[in-house]
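Letter by letter, the chains look like this.
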Amino acid sequence: MSKQKKSALKMILSMKESGAAIPLIILLIVVAFVNQNFFGIYNLMDVLRTASFSLLVAVPVTFLMSAGGLDLSLGAAISLGGVICGMLLKANVSIPIAILAALGGGLLVGLINGICIVRFNLPGFILTLGTQYCINGIINVWTGGLSTTNFPEAFVTLGQYRVGGIVPMPIVYAIVIAIIGYVILQHTKFGRKVLAIGGNQETARLAGINVVTVRVLTYVCVSVMAALTGVVYGARFATVQPAIGNGTEMTIMAAVIVGGTSMSGGIGTIIGTALGCVLLAMITNVLIMLGVSAYWQNFVFGLILILSLFIDRYRQRLLKA
């Protein structure tokens, strides 16, 4: 390989977002030849709306993973937020109070996860897996496994309204959260603390950073935003299912990892996370348009995730060369 080509390749792969950007560009090119209907405005809005639900939680997950954390209970927290809000609305509680109660439920879950993992030094993988089972059990006992429907029109509008008759509200919410997350991670002391903790906790502690507080906050933010996502799900579909968040944790974490955030901490990118969410949503949409069985979606997701790990490893080798 010539020096110029190697230099160009090094420049491209040096971007943290390349793990999501490269497959996304390739997929767009393939779709342009296979099915041009994909680029219709309403289909694109559907793809972005699907990605927006993941992005709402993926932004705080980027902070969590950048700090070296992991949360398998976020899917259950999504379900919990939706169920709390839905059940309170059915009890004729006002919309603002129902939403705040849902966020409060997420806050409690995040505090439990954060304190148990950080203060008591328990393994995050097992602890949050246990939290997931506990939350799902509570939800099923509370709801009897039944969906909740017939919400006020004002609540449904929060998820179904389209700005200008085109852009769904969940996309607007996700863009706002992504911008806030980008600014905090890249341009504030808190963001620098998160990355420093993920890089080396002991060094961060010696530098005067309150490691315990920052790490607990990352868990709280994930659970609160997961609960909010459950609320938005309920408004979008005008119904709340007890298992609405089940399985979403793997898709969301895959999007974050594919986007360039390191599982070992110290590296995070909100732009890459957004690209990862769009990539996975686009894969689902393309497979449906091509008439491919939905059973292949998990296979493709897994393949993309594995490829992104190879790209990341190759990128690190190039940068060291």
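What counts, and at which threshold
Residues numbered from 1 in each chain as written. Predicted model: local features only at pLDDT ≥ 70, side-chain atom pairs only at ≥ 80, totals over all residues. Heavy atoms only, no water. Patch = residues over 30% accessible without salt bridge, like charges linked within 9 Å, V, L, I, M, F, W, Y side chains within 5 Å. Areas by Shrake-Rupley, 256 points an atom, 1.4 Å probe, with all protein chains shown as cover. Salt bridge = Lys/Arg side-chain N within 4 Å of Asp/Glu carboxyl O. Helix = DSSP H or I, 4+ residues; strand = E, 2+ residues; numbered from the N terminus. Axes fitted to C-alpha atoms, helices over the stretch in contact; angles between N-to-C directions. Parallel < 35°, antiparallel > 145°, perpendicular 65-115°, else oblique. Contact = heavy atoms within 4.5 Å. Nonpolar A, V, L, I, M, F, W, Y, C, P; charged D, E, K, R; others polar. Buried < 20%, exposed > 50% of the residue type's maximum accessible area, 1.4 Å probe, protein only.

A.B. asks: Tell me about a nonpolar patch on the surface, residues and numbers included.
C.D. replies: A cluster of nonpolar side chains, Ile-25, Ile-26, Ile-29, Val-30, Phe-33, Val-34, Leu-290, Val-292, Trp-296, Phe-299, Leu-303 and Leu-307, forms an exposed patch at the surface whose accessible area comes to about 1200 Å². If you list the elements that add at least two residues to the nonpolar patch, you get helix H2 (18–34) and helix H14 (295–320). For the nonpolar patch, the element with the most residues is H2, which contributes 6 residues. Note on placement: Ile-26 falls in helix H2.

A.B. asks: Tell me what's going on with the packing of helix H4 (residues 74–90) against helix H12 (residues 248–258), and back it up with residues and numbers.
C.D. replies: Contact geometry for H4 and H12: axes closest at 7 Å, N-to-C directions at 120°. On the basis of the axis angle, H4 is oblique to H12. Between H4 and H12, the residues in contact are Leu-74, Gly-75 and Ile-78 and Thr-248, Glu-249 and Ile-252, respectively. Partitioning the contact of H4 with H12 into residue classes produces 3 nonpolar, 2 polar and 1 charged.

A.B. asks: Just give me the short version of the environment of Gly-145, but keep the residues and values in it.
C.D. replies: Among the secondary structure elements, Gly-145 is positioned in the loop between helix H6 (124–143) and strand E1 (148–149). Exposure remark for Gly-145: the relative accessible area of 44% places this residue in the partly exposed category. Remark: the alpha-carbon pair of Gly-145 and Leu-27, spanning 118 residues in sequence, is separated by 39 Å.

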